[in-house]
Number of protein chains: 4
Amino acid sequence: MSVYRLLISCPDAHGLVAVVSQFILEHGGNIKEAHHHLDDQNKHFFMRIEVESNSVSCTLDVFKNAFEKLANQYNMAWKISDSAQLKRVLIMGSLSSHCVADLLHRGHESELEGEIVGVLSNHNKLSKLASWYDVDFKKVSINKDTKNVDIIKMTQAVDEFNPDVIVLARYMQIIPQDMCDKYAGKIINIHHSFLPSFVGANPYERAAERGVKLIGATCHYVTANLDEGPIIEQDVVRVNHGDSADDMKKMGQDVEKITLAKGLQFHLEDRVLTCNNKTVVFS
Amino acid sequence: MSVYRLLISCPDAHGLVAVVSQFILEHGGNIKEAHHHLDDQNKHFFMRIEVESNSVSCTLDVFKNAFEKLANQYNMAWKISDSAQLKRVLIMGSLSSHCVADLLHRGHESELEGEIVGVLSNHNKLSKLASWYDVDFKKVSINKDTKNVDIIKMTQAVDEFNPDVIVLARYMQIIPQDMCDKYAGKIINIHHSFLPSFVGANPYERAAERGVKLIGATCHYVTANLDEGPIIEQDVVRVNHGDSADDMKKMGQDVEKITLAKGLQFHLEDRVLTCNNKTVVFS
Amino acid sequence: MSVYRLLISCPDAHGLVAVVSQFILEHGGNIKEAHHHLDDQNKHFFMRIEVESNSVSCTLDVFKNAFEKLANQYNMAWKISDSAQLKRVLIMGSLSSHCVADLLHRGHESELEGEIVGVLSNHNKLSKLASWYDVDFKKVSINKDTKNVDIIKMTQAVDEFNPDVIVLARYMQIIPQDMCDKYAGKIINIHHSFLPSFVGANPYERAAERGVKLIGATCHYVTANLDEGPIIEQDVVRVNHGDSADDMKKMGQDVEKITLAKGLQFHLEDRVLTCNNKTVVFS
Amino acid sequence: MSVYRLLISCPDAHGLVAVVSQFILEHGGNIKEAHHHLDDQNKHFFMRIEVESNSVSCTLDVFKNAFEKLANQYNMAWKISDSAQLKRVLIMGSLSSHCVADLLHRGHESELEGEIVGVLSNHNKLSKLASWYDVDFKKVSINKDTKNVDIIKMTQAVDEFNPDVIVLARYMQIIPQDMCDKYAGKIINIHHSFLPSFVGANPYERAAERGVKLIGATCHYVTANLDEGPIIEQDVVRVNHGDSADDMKKMGQDVEKITLAKGLQFHLEDRVLTCNNKTVVFS
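First, a word on what this report is: a plain description of the structure on this page. (Residues numbered from 1 in each chain as written. Chains lettered and ligands numbered in written order. Predicted model: local features only at pLDDT ≥ 70, side-chain atom pairs only at ≥ 80, totals over all residues. Heavy atoms only, no water.)

## Some remarks on the overall build of chain A
Reasoning step 1: Counting secondary structure elements, chain A contains eight helices and 13 strands.
Reasoning step 2: Taken over C-alpha atoms, the radius of gyration comes to 21 Å for chain A, in line with the 19 Å a tight globule of 283 residues would show.
Reasoning step 3: Summarising its shape, the C-alpha atoms of chain A cover approximately 60 × 40 × 35 Å along the three principal directions.
Reasoning step 4: Counting over 283 residues, chain A shows a buried share of 58%.
Reasoning step 5: Across chain A, the fraction of contacts at a sequence separation of at least 24, relative to all contacts at a separation of at least 6, is 66%. (Helix = DSSP H or I, 4+ residues; strand = E, 2+ residues; numbered from the N terminus. Rg over C-alpha atoms; globule rule 2.2 N^0.38 Å. Buried < 20%, exposed > 50% of the residue type's maximum accessible area, 1.4 Å probe, protein only. Contact = heavy atoms within 4.5 Å.)

## A word on the relation of the copies chain A and chain D
Reasoning step 1: Between the two copies, chain A and chain D, the superposition gives an RMSD of 0.0 Å; the rotation angle is 180° and the shift along the axis is 0.0 Å. Given the turn and translation reported, the copies of this chain are related as if by a two-fold rotation axis. In terms of proximity to the rotation axis, the leading residue of chain A is serine 197 of chain A, whose C-alpha is 2.4 Å off the axis.
Reasoning step 2: Most of the interface of chain A is mirrored in chain D, where 100% of its interface residues are also at the interface. (Least-squares fit on C-alpha atoms with pLDDT ≥ 70 in both.)

## Structural notes on the sheet that holds strand β10 (residues 214-221) of chain D
For sheets, the rule is that strands pair by backbone hydrogen bonds, running either parallel or antiparallel.
All names here are of chain D.
Reasoning step 1: Read from one edge of the open sheet, seven strands run β7-β6-β5-β8-β9-β10-β11, paired in mixed fashion. Of all strands in the sheet, those bounded by a partner on one side alone are β7 (137-139) and β11 (231-238). Within this sheet the neighbouring strands show an average axis-to-axis angle of 20°, counted without direction.
Reasoning step 2: Strand contacts of helix α3 (residues 98-108): β5 (87-93), β6 (114-121), β8 (165-168) and β9 (187-191), with the helix running at about 155° to β6, the strand carrying the most contacts. (Pairing = 2+ DSSP bridges. Axes fitted to C-alpha atoms, helices over the stretch in contact; angles between N-to-C directions.)

## Overview of the interface of chain B and chain D
Reasoning step 1: On the side of chain D, 19 residues touch chain B, which itself brings 19 residues to the contact.
Reasoning step 2: Among the residues chain B hides against chain D, the three largest losses belong to His105, Glu111 and Trp132 of chain B. Together they make up 31% of the total.
Reasoning step 3: The interface formed by chain B and chain D holds six salt bridges in total.
Reasoning step 4: The residue lysine 125 of chain B makes a salt bridge to glutamate 109 of chain D at a minimum N-O spacing of 3.4 Å.
Reasoning step 5: For the pair chain B and chain D, the number of links is 12 residue pairs in polar contact (both at pLDDT 80 or more). (Buried area = accessible area lost by both parts, 1.4 Å probe. Salt bridge = Lys/Arg side-chain N within 4 Å of Asp/Glu carboxyl O. Polar contact = N/O pair within 3.5 Å; in protein donor to acceptor, adjacent residues only side chain to side chain.)

## Structural notes on the relation of the copies chain B and chain D
Between the two copies of the chain lies a relationship made up of a rotation around an axis and a movement along it.
Reasoning step 1: Mapping chain B onto chain D calls for a rotation angle of 180° and an axial translation of 0.0 Å; the resulting RMSD is 0.0 Å.
Reasoning step 2: When the interface residues of chain B are mapped onto chain D, 100% of them again fall at the interface, so both copies present the same face.

## Some thoughts on the environment of glutamate 115 of chain A
Reasoning step 1: Secondary-structure assignment places glutamate 115 of chain A in strand β6 (residues 114-121).
Reasoning step 2: On a C-alpha basis, the gap between glutamate 115 of chain A and valine 135 of chain A in space is 9.9 Å, while along the polypeptide they are 20 residues apart.

## Considerations on the interface of chain A and chain D
Reasoning step 1: If you look at the interface, chain A gives 32 residues, while chain D gives 32 residues.
Reasoning step 2: For the pair chain A and chain D, the summed buried area comes to about 2600 Å², and 53% of that belongs to carbon and sulfur atoms.
Reasoning step 3: A per-residue breakdown of the area chain A buries against chain D is headed by Arg210, Lys213 and His241 of chain A, which together make up 28% of the total.
Reasoning step 4: The interface formed by chain A and chain D contains four salt bridges.
Reasoning step 5: Residue arginine 238 of chain D pairs with glutamate 233 of chain A through a salt bridge whose shortest N-O separation is 3.0 Å.
Reasoning step 6: The interface formed by chain A and chain D contains 18 residue pairs in polar contact (both at pLDDT 80 or more).

## Considering the side chain of histidine 27 of chain A
Residues and elements named next belong to chain A.
Reasoning step 1: In this fold, histidine 27 is placed in the loop between α1 (16-26) and β2 (31-39).
Reasoning step 2: Given the relative accessible area of 16%, histidine 27 is considered buried.
Reasoning step 3: Those residues within four positions of histidine 27 in sequence are excluded, and the remaining contacts are Ser55, Val56, Ser57, Cys58, Phe63 and Ala66.

## Observations regarding the sheet that holds strand β6 (residues 114-121) of chain B
Residue and element names in this part refer to chain B.
Reasoning step 1: Ordered in space as β7-β6-β5-β8-β9-β10-β11, the seven strands form an open sheet in which the pairing is mixed. One side of each edge strand has no neighbouring strand; the edge strands of this open sheet are β7 (137-139) and β11 (231-238). Between one strand axis and the next, the sheet turns through 20° on average, direction left out of account.
Reasoning step 2: With four bridges joining them, strand β5 (residues 87-93) and strand β8 (residues 165-168) adopt parallel strand pairing. The partner of valine 89 across the bridge, within β8, is valine 165.

See below:
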């Protein structure tokens, strides 16, 4: 049974919950799930409401148009999405296959609320895997000498997939500013450390060197500032003195896979709102 | 700043959120936090709303009376509590001091949303600790030969403390049926295993014998069925073959302390609703 | 660089560590890793030593023959395995693919210290996946009416793979006593609950019904007593009132995958010794 | 039953385990527990052996003298301690009482392998608590204007307690270089973040600002470089968008308490060796 998901973010105001739920009631809507959060410091209000689609007495377009007036009145940033309309997911990978294989398998088993429309990589390695799962594969090499041109080719390839979400599944290449802007809030990365520890390259080596007792992974939205976008999900796993950087890399892969899948799923179910480089996750 | 906490549990009905939030709005109330949960299987709805007390335009009594009509209309089980009115907490302990000391210290540091009004025990051991924290201590021995009479004395002592919540902090004695009934939903126990594993006596010994790799603790409401009441909170800690039952007991104490404090705090903040021997915890 | 792995289990005796390390030294062996454990209660000693193969001054057979004398003297149960000799792993699955896909991918990426020699199932579903990973697939149906015969066919098929380890990756069929005996200590199962909670069928449904706040998975050796064999590894994940039995099933799959892979890897690296239905895991 | 704990750290060499265990055997010693670790990268070997005291056929002094010859031969850094000789623990605290109260209670219940000989603070707040536990309390104020002199007074007060271990239980003052040197490897701090994230002041505020989904605590040895000494133990707890910096502070206190107690206990049981700003923890 499909639902409409209403996401709202606005300055706090008296009676917000009442006015929104009254609006839904007037349109026959049955609320299946509702979450609210008041950011006390910034006096900003966040809301996510799931309404059973078939309980609404008008079309989605009419519903949206009607809501727009209310939204303007309260200065809301808002979005209504239909769960029946699966988001198009583009996976970008490189040589590491663990995250890509995990996502493809979840897609194949219909565990993700999204449709994986392609795998884009700068190497051929993932091609066979993608084809087995009947997912389009596209390779765009990124070479040192022709980087500027290659990056443009890559972003064009991205556009051709017409994605709603782009998942950097250990893609390992920097995303250009204009692509970050174009797909703002739609590019999800998995970083192989517990941010803000070990921003940048070789986090496992640095974790081993520092002698930490837990290593982690961070799923976050990509912004132009490397590894500094809003964090969606994080997790850790215990390590000890016997674990080399290589061991940590192996152990970390499981954390990466699960943290990425969890963060992506939150996004696909429209459970994530952002505010001041932080996320509100209504899980 | 104090809040009124409205807890509702009722059969699912169209427009519930709208009608309740509309009611609050009409009484001037500002919603600070709101949680909803629909139990899909049983078509039962749960709601918890925090309203800023000083935004409400009438007295709490008037507000309650007005709400009662609405509640009856929707067949609601409901409760409105004032966060300014701290719940009276009675701690019952025995020979183990870790949970009692932890709760007393939290009470002393104002970490708990409640007032610890007494420590009741079947032994003298905790008396000095209670007195240092300026908390009344009462001993009621429970002897094999005079158990029936002793239990009656104990329940009388409980009543004299006039508690809103009774915390069994490793009290280790069975609570009689009539006390369970009288304080239904108000007695909180910490069991030193990850229920439903190891119901009953000596869970650490049995965990060691079975060779489990994680041990745990369970905070639950007490019912007449030993260790089978609704679970509020659980947690675990990793053990290995090198840990004896005694080691597990030591390691488990930290889990017990924290799990009990967390579960109690949920209860004190009116975040727990029960339904069919399960809890809804709006955290 | 390959190693010999020496596993010893024997009654505690004075000088055991000295006598074994002296023996290794006399044969030129360089110890790379060593673990000891004294089970204080049963006065039983456990040892695992990794010796660099190329440091040993004789053949493995000569080394083993020499060690046998020492072993007899101290009444040791013992085993020496060569890490260069990968164990043959047979995966048995059914309709759930998450564990099988995860193991096949780990095998493919050489993350496991073993060679996956086949997938045996009572359904066809996993056939395509196995073939993509170039792993033999064999189907043996288990039907209600012909169960006795089918089980015999199944055990014959198992034998034909000549496995060193059999992994029940959510195989969901009961293993007959004679197969349990034949492959004692060589069949590894993943049970989808935190044992000893929810032994048997439908653990997620029962976990949801009981209202637990954590669900888990248990990797254990299979014995003739269902879900009661020695536990190798366990893990849990947090759930809440909003999670249905179906949600728990989905969330539990990740715990199952990782717990099974971890337990299997411990076994493949000869890190697990058993004693009185418990395991010693030298990790 | 007391044990001698032998800690060894030396360049890797052929036959180390054999030669040490042979030495112990020759002196009648019964090994109760033994751990080894080879740092492959630095070719450095670490060993910890527990020998039952009453099995050794000579005095501890004779044993030590004999071992010294062996140690010199292999260029060992080494230490033999007697578990019957409890380490003197000095707790240094300030205004936060959670860690201090937790340690005092553990000391009182004989959970720690050490004797708490005093609480030293720059405030009076902890005085009553210390006195209840019959532990000496000493106040040395640290004032802005007289900092240099105050710090000298503080270090003198420390010396007067003649401590084997100094625990900074949220002491919040910088330890001078000469005290770091004098008590190298003997000062244990709890930092209220998951290092290396949020080194320095106000980690919870910065964690809230960054929007991390887990917060943590780190128990480490103090060196002259703030928050950069060898890490003994770390742990984390999950937070979400609803948790303010103040909430995180409260939640973090439980992690701090347990992480500090765990790290301290490892140290008291002589389970920690350091090497290149990292620890080997034989737990």
